[in-house]
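Inside the fold
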Amino acid sequence: MESICVSAPGKLILHGEHAVVYGKVALAASLNLRSFLKLTFTSDDSIEVFLPDIDIHASWKIKELQSLFSSPHFNGDVQSPQEANSDCLQLIRHFLSLSEDTHDTKPLALVAFVYLLGHITQKLSGMKVELRSSLPTGAGLGSSAAFSTCLAAGLLVASGSIKDSRLGWEEKELDLINKWAFQGEKVIHGRPSGIDNSVSTFGGALCFQGGKITPLEKVPKLDMMLVNTKVPRSTKILVAGLRERYEKYPDIYRPVIDSVEAISVKCEETLSHLNDVPNDPAMIQTLRDLIGLNHHHLNFLGVGHKSLDEVCSICTEHGLSAKLTGAGGGGCAFCLITKDDSPRAIASVTESLQKCGYECWRTTVGGHGVKCHDPNEVISQLN
Ligand SMILES: Nc1ncnc2c1ncn2[C@@H]1O[C@H](COP(=O)(O)OP(=O)(O)OP(=O)(O)O)[C@@H](O)[C@H]1O
Ligand SMILES: C[C@@](O)(CCO)CC(=O)[O-]
Ligand SMILES: [Mg+2]
């Protein structure tokens, strides 16, 4: 049976989460944790989706899907992605028998799948789609974007809209993947900025503002410790909550959002300087200061959590700096590790964090974006 395999990375937001939704500058980089999708054509008259990380296994008859996709909501050109419109999403929810008002965002993965399948695939045929990830789900590291990016890439290859390219895709093809991945993110998030799917598609480190992606050329190697508080949260709910507070008190929230942007801009300058003068102590101190300041701002914006504050205090007690990353409300924080941090301090921080029940792991940022694989290579990643 013919298979298509793709993978896409998660991301780490250094600075600018939430502010980026309001058109402000944010800095982010890809992680070495990835999601893997395998799409196998079958001779069955059904389409099957297996999402073991979120305990979802679904299957529909091709006839049922054809009838759903005959709605005018699914008309359109695969080369120019249309906005995920609410009537279309309503139709899909109804098809999946999902209630409108649910705080559980897991089933939105299926809504995103059906949405992308209906818009990207011109002629349905039997297939089995399986996705597994080494990213924690819903923890601030871009699991939804890695999911949407894999789906967009896999379905675009399956429909023949882009080639199955193990040597890498051209810019035009990556742009198309990114645009559809953004629509998938919209289904899962409501009003995403597009930063997460852009990092997942293009990889590396980038500066993002209002849909404009600028690769960061001058970035020193950044050593990080990621800390997962394991407190569940949903980006959709956190982003919508801040929107409500912002609309109620715009004059109070705007200056803090502007200040978050100033932190991103300062961080970019500092990274560029550190690239030219590695380990400059004053610049390293600036990076630490910015991390601390931004964490306070995110608390002000109402997207913090006591577990994240605990992570930051433990790091600070040992002379390190940490902040929440991604949408907050739980999930992950990152702690910057520099050459001056003693292995003893790092070991002691790790031990204290683990004692609180948090999971810690070291990582560097800036790896490859979405990729096409040899199916045999990916089968071992999936099992
Ligand atoms: N491995 C996966 N398999 C299937 N669906 C997934 C997977 N990972 C994420 N999702 C979808 O994304 C949702 C979580 O997205 P959410 O945006 O809340 O978290 P995140 O992307 O990990 O964090 P952030 O947006 O802050 O980076 C899940 O509820 C599910 O719908
Ligand atoms: C919270 C947020 O800024 C980042 C989530 O990773 C949302 C977004 O940009 O879409
Ligand atoms: Mg997300």
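It should be emphasised that the depicted structure is a prediction, and the values quoted were computed from it without experimental measurement.

Another aspect to go through is the site of ligand 1. In the neighbourhood of ligand 1, 25 residues make up the surrounding shell, with Lys-11, Gly-142, Ser-143, His-189 and Arg-233 lying closest. At 2.7 Å from an oxygen atom of ligand 1 is found a side-chain nitrogen or oxygen belonging to Lys-11. Coverage of ligand 1 by the protein amounts to 98% of the 630 Å² it exposes when considered alone. Breaking the shell around ligand 1 down by element, the ones donating at least two residues are strand 5 (127–133), helix 4 (143–158) and helix 5 (171–189).

With that out of the way, let us pick up the coordination of the magnesium ion (ligand 3). Every protein donor of the magnesium ion (ligand 3) is accounted for by Ser-144 (OG) and His-189 (NE2), and the metal-donor separations fall at 2.1 to 2.4 Å. With Ser-144 in helix 4 and His-189 in helix 5, this pair connects stretches of sequence that are 45 residues apart.

Glancing now at unusual backbone geometry. We note that Asp-55 has phi near 55°; this positive angle belongs to a residue other than glycine. For Asp-55, a relative accessible area of 71% gives the class exposed. At Ser-97, a position not held by glycine, the phi torsion is positive, near 55°. Structurally, Ser-97 can be placed in the loop between helix 2 (86–95) and helix 3 (108–120).

The next subject is the UniProt feature "domain: GHMP kinase N-terminal" (unreviewed entry) in the chain. As recorded in UniProt, the sites labelled "domain: GHMP kinase N-terminal" (unreviewed entry) are residues 121–204. Across residues 121–204, helical content stands at 51% and strand content at 8%; the span's end C-alpha atoms are separated by 29 Å.

Attention now goes to the packing of helix 7 (residues 235–248) against helix 8 (residues 250–276). Interhelical geometry of helix 7 versus helix 8 gives an angle of 120° and a closest axis separation of 6 Å. Taken together, helix 7 and helix 8 sit at an angle that is classed as oblique. Two secondary-structure elements touch here, helix 7 through Leu-242, Arg-245, Tyr-246, Glu-247 and Lys-248 and helix 8 through Pro-250, Tyr-253, Arg-254 and Ile-257. Considering only residue class, the contact of helix 7 with helix 8 consists of 5 nonpolar, no polar and 4 charged.

Our focus in this paragraph is the pairing of strand 1 (residues 3–15). With 13 of 13 residues buried, strand 1 is to be regarded as a mostly interior element. Here 11 bridges tie strand 1 to strand 2 (residues 26–41), and the two strands are oriented antiparallel to one another. Within strand 2, the residue paired with Lys-11 across the bridge is Ser-30. Relative to strand 12 (residues 371–373), strand 1 runs antiparallel, the two being bridged by 3 bridges. Along strand 12, the bridge assignment pairs Cys-5 with His-373.

Buried within helix 1 (residues 62–69) are the following residues: Ile-62, Leu-65, Leu-68 and Phe-69. Burial along helix 1 is one-sided: seen end-on, the buried residues are contained in an arc of 120°. Counted as exposed and oriented over 90 degrees from the buried face of helix 1: Lys-63 and Ser-67. Against the buried residues of helix 1 lie strand 3 (46–51), strand 4 (56–61), helix 2 and helix 3.

Looking now at the site of ligand 2. Taken together, 13 residues lie near ligand 2, and Lys-11, His-18, Pro-192, Ser-193 and Asp-196 sit nearest. Burial of ligand 2 by the surrounding chains reaches 98%, relative to a free accessible area of 300 Å². Elements represented by at least two residues in the shell around ligand 2 include exactly strand 1 and helix 6 (195–202). Partitioning the shell around ligand 2 into residue classes produces 7 nonpolar, 3 polar and 3 charged. When we break the shell around ligand 2 down by domain, the ones giving at least three residues each are domain 1 (3–217 + 367–382) and domain 2 (222–365).

Scoring rules and cut-offs
- Residues numbered from 1 in each chain as written.
- Chains lettered and ligands numbered in written order.
- Predicted model: local features only at pLDDT ≥ 70, side-chain atom pairs only at ≥ 80, totals over all residues.
- Heavy atoms only, no water.
- Near = heavy atom within 4 Å.
- Polar contact = N/O pair within 3.5 Å; in protein donor to acceptor, adjacent residues only side chain to side chain.
- Areas by Shrake-Rupley, 256 points an atom, 1.4 Å probe, with all protein chains shown as cover.
- Helix = DSSP H or I, 4+ residues; strand = E, 2+ residues; numbered from the N terminus.
- Donors = N, O, S within 2.8 Å, 3.2 Å for Na, K, Ca; no water.
- Buried < 20%, exposed > 50% of the residue type's maximum accessible area, 1.4 Å probe, protein only.
- UniProt positions renumbered as here; feature names shortened; annotations may be inferred.
- Axes fitted to C-alpha atoms, helices over the stretch in contact; angles between N-to-C directions.
- Parallel < 35°, antiparallel > 145°, perpendicular 65-115°, else oblique.
- Contact = heavy atoms within 4.5 Å.
- Nonpolar A, V, L, I, M, F, W, Y, C, P; charged D, E, K, R; others polar.
- Pairing = 2+ DSSP bridges.
- Arc of directions from axis to C-beta.
- Domains from an automatic or database assignment.

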